[in-house]
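Geometric and topological summary
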Amino acid sequence: MTTMTEVKQPNFLMMKRVWIAIALPIVIFYFSGVQGLVQLAIVWVFASIMLLMFAYKKFRIKKWNASTRDHFGEQDGMWSHEFGSTFMKLDQQRGLIHLKEENKQKTYPFSAIKEWRYNLSTTRERAGMNKELDRTHDFRESGFYISIDDVQYPEWRVMFFPQKGDFNSQEGIRDTELQLKRWMHIFDKLVNNLHH
């Protein structure tokens, strides 16, 4: 069975927090007119800004959740994963792997693949700004690593992101781990079979 995994793209204007942020001043105006709107300005402006900020943060995560493109070709022999500026595609019939990371891309025969592994760094508990930095660090370190018999580009990193939740939630970490293990299994199946 050929399966494609795609998560529905989010719509910022359809998010509940955005609606509440817009509804708040309207409700105040409805019940207490312009005077109420002015008197309570400090409250609703602050509340609306906070709601929009949280909505945007959630929107970004949902957008990333929906940015993974997977193709599992048990029928056509094409297996691919794409996230961000990274991409890998295994052509089972021709025994080729196409790799893309940032602005470099190359195609290799399966025989050039030396090893593959994954790394999933999870957040160490820290407070405040450090926690934010740590989170991005985790994301930067995590991924699927492929070692190739190539002097110029000996290692390629393919990025993964949870399709549910984020790197800060147990659900997100588990989802990413399953995605990575799925690809470990695919490589074991396709590349190892060729070597034997």
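That block above? That's the structure.
Residues numbered from 1 in each chain as written. Predicted model: local features only at pLDDT ≥ 70, side-chain atom pairs only at ≥ 80, totals over all residues. Heavy atoms only, no water.

With that settled, consider the overall build of the chain. Looking only at helices and strands, the chain features 4 helices and 9 strands. Counting over 196 residues, the chain shows a buried share of 38%. Of the contacts formed within the chain by residues at least 6 apart in sequence, a portion of 56% connects residues at least 24 apart. Entry remark: accessible area of the chain is about 12,000 Å², with carbon and sulfur atoms responsible for 59%. (Helix = DSSP H or I, 4+ residues; strand = E, 2+ residues; numbered from the N terminus. Buried < 20%, exposed > 50% of the residue type's maximum accessible area, 1.4 Å probe, protein only. Contact = heavy atoms within 4.5 Å. Areas by Shrake-Rupley, 256 points an atom, 1.4 Å probe, with all protein chains shown as cover.)

With that out of the way, let us pick up the sheet that holds strand β7 (residues 113-119). Read from one edge to the other, the open sheet built from 3 strands follows the order β7-β8-β9, with strand pairing classed as antiparallel. Looking along the sheet, the strands with just one partner apiece sit at the ends: β7 and β9 (155-158). When strand polarity is set aside, the average angle formed by the axes of neighbouring strands in this sheet is 20 degrees. Taken together, the 6 bridges between β7 and strand β8 (residues 143-148) define a ladder with antiparallel strand orientation. Considered in β8, the bridge of Ile 113 is made with Ile 148. (Pairing = 2+ DSSP bridges. Axes fitted to C-alpha atoms, helices over the stretch in contact; angles between N-to-C directions.)

Judged by side-chain polarity, Val 27, Tyr 30 and Phe 31 come together as a nonpolar surface patch covering roughly 410 Å² of accessible area. Look at Phe 31 and you get exposed, because its relative accessible area is 67%. (Patch = residues over 30% accessible without salt bridge, like charges linked within 9 Å, V, L, I, M, F, W, Y side chains within 5 Å. Salt bridge = Lys/Arg side-chain N within 4 Å of Asp/Glu carboxyl O.)

The next point concerns the pattern of salt bridges. Two side chains carrying opposite charge are able to pair once their charged atoms lie near each other. This structure, assessed with the given rule, holds 7 salt bridges. Asp 91 is the partner of Arg 94 in a salt bridge, and the nearest nitrogen-oxygen pair spans 3.5 Å. On the basis of relative accessible area, Asp 91 is assigned to the buried category, the value being 3%. Between Glu 177 and Arg 174 there is a salt bridge, with the nearest N and O atoms lying 3.1 Å from each other. Placement of both Glu 177 and Arg 174 in helix α4 (residues 170-195) is noted, with a separation of 3 residues, approximately one turn of the helix. Residue classification places Arg 174 among the partly exposed residues on the basis of a relative accessible area of 43%. Look at the salt bridges and you will find they share partners, linking Arg 174, Glu 177 and Lys 181 into a network.

Given a rise of 1.5 Å per residue, 24 residues ought to cover 34 Å, yet the end C-alpha atoms of helix α1 (residues 16-39) are separated by just 26 Å, more than 12% below that figure. Taking the largest bend as the criterion, α1 deviates by roughly 130 degrees, centred on Ser 32. Within the span of α1, buried status applies to Val 18, Ala 21, Pro 25, Ile 28 and Gly 36. Looking at the buried residues of α1, the elements they touch are α2 (41-65). (Expected span 1.5 Å × (residues − 1). Bend = angle between axes of the 7 residues up to and from the residue.)

Looking now at the packing of aromatic side chains. Here the structure, examined in full by the defined rule, presents 12 aromatic pairs. Both rings, one in Tyr 30 and one in Phe 31, keep their centres 5.1 Å apart while their planes meet at 85 degrees; by these two values the pair is edge-to-face. The exposure classification of Tyr 30 matches that of Phe 31, with both residues exposed. A ring pair is formed by Tyr 56 and Phe 59, whose centres lie 6.4 Å apart and whose planes are at 35 degrees; its orientation type is tilted. Of this pair, Tyr 56 and Phe 59 both sit in helix α2, 3 residues apart, which is roughly one turn of that helix. Relative accessible area serves as the criterion here: at 42%, Tyr 56 is assigned to the partly exposed category. (Phe/Tyr/Trp six-rings, centres within 6.5 Å; stacked < 30°, edge-to-face > 60°.)

Below, the discussion takes up the environment of Ser 67. Mapping Ser 67 onto the fold places it in the loop between α2 and β2 (69-73). Once the C-alpha coordinates of Ser 67 and Pro 162 are considered, the two residues, 95 residues apart in sequence, prove to be 9.6 Å apart. Leaving out residues up to four positions away in the same chain, Ser 67 has contacts with Glu 82 and Phe 83. Side-chain polar atoms of Ser 67 contact the backbone oxygen of Lys 63, separated by 2.7 Å. (Polar contact = N/O pair within 3.5 Å; in protein donor to acceptor, adjacent residues only side chain to side chain.)

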